[in-house]
Amino acid sequence: MEEMEEELKCPVCGSFYREPIILPCSHNLCQACARNILVQTPDSESPQSRRASGSAVSDYDYLDLDKMSLYSEADSGYGSYGGFASAPTTPCQKSPNGVRVFPPAAPPPPAALAPPPPPRNACLTCPQCHRSLVLDERGLRGFPRNRLLEGVIDRYQQGRAAALRCQLCEKAPKEAAVMCEQCDVFYCDPCRLRCHPPRGPLAKHRLVPPAQGRVSRRLSPRKISTCTDHELENHSMYCVQCKSPVCYQCLEEGKHSSHEVKALGAMWKLHKSQLSQALNGLSDRAKEAKEFLVQLRNMVQQIQENSVEFEACLVAQCDALIDALNRRKAQLLSRVNKEHEHKLKVVRDQISHCTVKLRQTTGLMEYCLEVIKENDPSGFLQISDALIRRVHMTEDQWGKGTLTPRMTTDFDLNLDNAPLLQSIHQLDFVQMKVSSPVPAPPILQLEECCTHNNSATLSWKQPPLSTVQVEGYILELDDGNGGQFREVYVGKETMCTVDGLHFNSTYSARVKAFNKSGVSPYSKTLVLQTSEDTQSEEQTLPFPVPLERSQLRRMSPFSSTLNLQPSFSGRSYFELRSSAHQLSLHSSLQSLNSAGCNFDTQGSPYSQLVDIKKMVAVAWFSFDPSSAHADIIFSNDNLTVTCNSYDDRVVLGKTGFSKGLHYWELSIDRYDNHPDPAFGVARIDVLKDAMLGKDDKAWAITEGGITKGATVGVLLDLTRRTLTFSINEDQQGPVAFENLEGLFFPAVSLNRNVQVTLHTGLPVPEFYASRSAMP
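Predicted, not measured: the structure shown is a model, and the values here were computed from it.

J.: Please set out the overall build of the protein residue by residue, giving values where relevant.
T.: From N to C terminus, the protein includes ten helices and 42 strands. A buried classification covers 38% of the 775 residues belonging to the protein. In the protein, the proportion of contacts linking residues at least 24 apart, taken out of those at least 6 apart, comes to 63%. Carbon and sulfur atoms provide 54% of the accessible area of the protein, an area that totals close to 46,000 Å².

J.: Which residues make up the pattern of salt bridges, and what values do they have?
T.: Pairing is possible between side chains that carry opposite charge, provided their charged atoms lie close to one another. By the definition in use, this model includes 14 salt bridges. Ionic pairing is found between Asp 189 and Arg 192, a salt bridge with its closest N-O pair at 3.9 Å. Of this pair, Asp 189 and Arg 192 both sit in helix α4 (residues 189-195), three residues apart, which is roughly one turn of that helix. The partly exposed category is assigned to Asp 189, whose relative accessible area is 41%. Notably, a salt bridge pairs Glu 370 with Lys 373, separated by 3.4 Å at the nearest N-O pair.

J.: Summarise the side chain of Asn 146; cite the residues concerned and give the values.
T.: Mapped onto the fold, Asn 146 is located in the loop between β9 (131-134) and α3 (147-160). The buried category is assigned to Asn 146, whose relative accessible area is 12%. A polar contact is formed between the side chain of Asn 146 and the side chain of Asn 28, at a distance of 2.8 Å. Asn 146 has contacts with Pro 20, Ile 21, Ile 22 and Asn 28, leaving out every residue within four places of it along the chain.

J.: Break down the confidence of the model for the protein for me, with residues and values.
T.: Predicted confidence across the protein gives a mean pLDDT of 75, with 73% of residues reaching 70 or more. Confidence drops under a pLDDT of 50 for residues 44-113, and excluding neighbours within four residues, the segment shows 149 contacts in the predicted structure. For the stretch residues 532-616, pLDDT sits under 50, and the model shows 197 contacts to residues farther than four places along the chain or on other chains.

J.: Talk me through the sheet that holds strand β41 (residues 745-750); I want residue IDs and the actual numbers.
T.: On the basis of which strands lie adjacent, the open sheet formed by four strands has the order β33-β41-β35-β36 and antiparallel pairing. Sheet topology places β33 (649-652) and β36 (698-701) at the edges, where each strand pairs with a single neighbour. On average, each strand axis in the sheet is inclined to that of its neighbour by 25 degrees, with strand direction left out of account. Note: β33 against β41, four bridges, orientation antiparallel. Note on β41: the bridge partner recorded for Leu 652 is Ala 747.

J.: Can you break down the packing of helix α7 (residues 264-373) against helix α8 (residues 377-398) residue by residue, with the values?
T.: Close contact between α7 and α8 brings their axes to 11 Å; oriented N to C, the two are set at 155 degrees. In terms of orientation, α7 lies roughly antiparallel with respect to α8. Helix-helix and strand crossings are classified by hand; for α7 and α8 the assignment is left-handed. Side by side, α7 and α8 meet where Cys 354, Lys 357, Leu 358, Thr 361, Leu 364, Tyr 367, Cys 368, Val 371 and Ile 372 of the first sit next to Phe 380, Ile 383, Leu 387, Arg 390, Val 391, Thr 394, Gln 397 and Trp 398 of the second. Grouping the amino acids of the contact of α7 with α8 by side-chain chemistry returns twelve nonpolar, three polar and two charged.

J.: Tell me what's going on with the nonpolar core, and back it up with residues and numbers.
T.: Counting residues in each nonpolar core, the largest one holds 34 residues, and the members touching the most others are Trp 664, Leu 666, Phe 679, Leu 716 and Val 756. Residue assignment for this core shows that the elements contributing at least two residues are β32 (640-643), β34 (661-671), β35 (678-682), β36, β37 (711-717), β38 (722-727), β41 and β42 (754-759). When sequence neighbours within four positions are dropped, the list of residues in contact with Phe 679 reads Leu 666, Ile 668, Leu 692, Trp 699, Ala 700, Ile 701, Ile 706, Val 712, Phe 725, Ala 747, Val 748 and Val 756. Among the nonpolar cores identified, the runner-up in size contains 25 residues, and Phe 16, Ile 21, Leu 133 and Leu 140 belong to it.

J.: Explain the environment of Ser 236 residue by residue, including any values.
T.: Mapped onto the elements, Ser 236 comes out in the loop between α5 (210-219) and β13 (237-239). Residue Ser 236 is classed as partly exposed on the basis of its relative accessible area, which comes to 33%. Between the C-alpha atom of Ser 236 and that of Tyr 248, which follows or precedes it by twelve residues, the distance is 6.7 Å. Those residues in contact with Ser 236 that lie beyond four places of it in its chain are Val 246, Cys 247, Tyr 248, Ala 263 and Leu 264.

J.: Residues and numbers for the packing of aromatic side chains, please.
T.: Evaluation of the coordinates by the stated rule reveals seven aromatic pairs. Centre to centre, the rings of Phe 621 and Phe 657 are 5.9 Å apart; their planes meet at 70 degrees, and the pair counts as edge-to-face. Residue Phe 621 is found in the loop between β30 (606-614) and β31 (632-635), and its partner Phe 657 is found in the loop between β33 and β34; the two are separated by 36 residues along the sequence. Residues Phe 621 and Phe 657 agree in their burial class; the two are buried. Following the ring pairs from residue to residue traces out a cluster consisting of Trp 460, Tyr 473 and Tyr 489.

J.: Tell me what's going on with the sheet that holds strand β15 (residues 261-263), and back it up with residues and numbers.
T.: Pairing is antiparallel in the open sheet, where three strands are placed in the order β14-β13-β15. With one partner strand each, in any of the chains shown, β14 (244-246) and β15 form the two edges of the open sheet. Sheet twist, expressed as the average angle between the axes of neighbouring strands with direction ignored, equals 40 degrees. Two strands pair when backbone bridges link them, and β13 and β15 are joined in this way by three bridges, in the antiparallel orientation. Bridge pairing in β15 links Cys 239 to Val 261. Sheet strands touched by α7: β13, β14 and β15. Its angle to β15, the strand with the most contacts, is close to 85 degrees.

J.: Residues and numbers for the pairing of strand β22 (residues 506-515), please.
T.: Residues in a regular strand point their side chains to alternate faces of the sheet. Where burial is concerned, most of β22 is hidden: eight out of the ten residues are buried. Sheet topology note: the β22/strand β24 (residues 526-529) ladder contains four bridges and is antiparallel. Along β24, the bridge assignment pairs Thr 506 with Gln 529. Two elements, β22 and strand β23 (residues 518-519), share two bridges in a ladder whose sense is antiparallel. Within β23, the residue paired with Phe 514 across the bridge is Val 519. What sits between the antiparallel neighbours β22 and β23 is a turn of two residues.

Criteria and cut-off values
- Residues numbered from 1 in each chain as written.
- Predicted model: local features only at pLDDT ≥ 70, side-chain atom pairs only at ≥ 80, totals over all residues.
- Heavy atoms only, no water.
- Helix = DSSP H or I, 4+ residues; strand = E, 2+ residues; numbered from the N terminus.
- Buried < 20%, exposed > 50% of the residue type's maximum accessible area, 1.4 Å probe, protein only.
- Contact = heavy atoms within 4.5 Å.
- Areas by Shrake-Rupley, 256 points an atom, 1.4 Å probe, with all protein chains shown as cover.
- Salt bridge = Lys/Arg side-chain N within 4 Å of Asp/Glu carboxyl O.
- Polar contact = N/O pair within 3.5 Å; in protein donor to acceptor, adjacent residues only side chain to side chain.
- pLDDT = per-residue confidence, 0-100.
- Pairing = 2+ DSSP bridges.
- Axes fitted to C-alpha atoms, helices over the stretch in contact; angles between N-to-C directions.
- Parallel < 35°, antiparallel > 145°, perpendicular 65-115°, else oblique.
- Left-handed = near helix turned anticlockwise from the far one by under 90°.
- Nonpolar A, V, L, I, M, F, W, Y, C, P; charged D, E, K, R; others polar.
- Core = buried A, V, L, I, M, F, W, Y, C linked by side-chain atoms within 4.5 Å.
- Phe/Tyr/Trp six-rings, centres within 6.5 Å; stacked < 30°, edge-to-face > 60°.

Encoded structure:
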């Protein structure tokens, strides 16, 4: 029962409905809340006066509700009432439950005074659907009372009450002691003695305990609702066309003479049966939703358990790697220690050897000095030759590398940790369950691949004899300059259109398949050439033309399109159609494999090169239904758009621009009730449910002076990185936006009061062409 509480609360005050009334839009309001949000409109702007004066009104401006003497029209919900030129435009507020409501035009009357009748041309806006309603002379009395909703609220509040309270206590209600079935009132003992004494006519009333009175109140029939036009008459019939109960006096007055009228009881049972059948389906969905929620809650628990288990496994695996690294570290340190000890031993041995030799040399030198001091010539000459030889031999021994260290101080060890670091960086999870083999590489279907302006469409398929299950495909495209490939599509489809490519660029495309087991090798690489985009006045382009297709034929102007057609083995032909030169010619397009090698080049030889004179290429495009908001309505081959919503919705063009000079126009086919359309450019991920320019991904102009039949021009110069606008070929200011860089799509935001048509393939306007010619 608690889930139902939001259905029983007023969208204005946020409390339970008090004396609820039913609006023509089927929503409910408290009568006091409806009186508070009334807005007075001038007599001259009422729908009756506008119709009497013969002013033009759109077919959808007013909904004819003469059955209830009400005029209703849809409104955007922001305080501007469509069709009323002088309608107040007060900002909306929020009720306690978050629904937008409109503040009253004047402060409410004092509580002591009876509320004055609403103005003759009072306007009421539903706070839920924002439909604007104009009241007739009956005011709020023209709306029927929702007694059924009152009964549901009464039962709901009684079910929530822990103890029934006295209904006559002035301050703090005491607990009820009895209930009078005739008076339908709960009394405490003091109030019963004071207001319901057991004497006179009241002595015959039956007093029951409160709990029994609650049950009898639930089972007692509700008061029969009366007709809003004839308050003394009860509803007895039901008008099928007006979808409202009527009394017999309404039928006698002829208001429903041409309508189908049925008995109230029969329609009551029929609608109850229909509601029960609808509830059965909804009940099944609710049951499925509950089971689904149980499944999701179980998944949450299972995910948490699996996460703990997996984290423990991951920690154990990483700890094992750390242990292995520590063991290897100990081994490497042991090798370093051995090298250290070896170097010390060699150096110490050399020190010991040199010390002994130096001692011998020093002794020899001292002995020779003493011999030199002797004055015996004959004795000196007897030993001098031997001493001289010994001195020279000792000197020679010092000169044979004896004074060079046998070991360097550097450690000739270099730890190569780059492979291990790379392995650590590449440490990742792999698919643990293998259910099927890796699929075979896909085959590009050349006859279905094509380019259009700066977009490319590619199609592929699996080999005919392949039986391996494929879960999806990955399409990759390079950057148009022979750079790295990047993923542009991942999915199950076998055809994909890639937008936002550069004009006059050569792209390489390849595709691969994948399933749970892994990813297939790449397909053969296909090279595609987007249409020419040059700013020169005239250019000569050579095209190699096959001999059997060298004759040129006239074509109707369409757009720069690259259509691949099947031909001899290893090649395909494309047909280039352009509105600028209106010629059709054929040229060869090589298909390359993944290694960059050509296919089998055996085929018909080329003819001579054919030169054609080609004027400046322009972009032809339309609006894109795939990326537009669901409320956008397309027509005229996606060149004309409008909307079925009163809120602003965004639609983008199919072609994105990243360089060059581009110009397109939008003509205003319909412009009602002063809407605010916006025109400009946007990123692909711009908000689709808000006015263009409300976020940082759109650059647009909103011009209040636009009228029906006007033409808005948008000029995007990505060479100078500027955006310029014009209206009816008159430039609007110097430059609207500067420093634009990236990929931009033509964009429009509009509501149901606007319809525009896109015109593309246009030359640059004169006011900008003359400025571009200046140095």
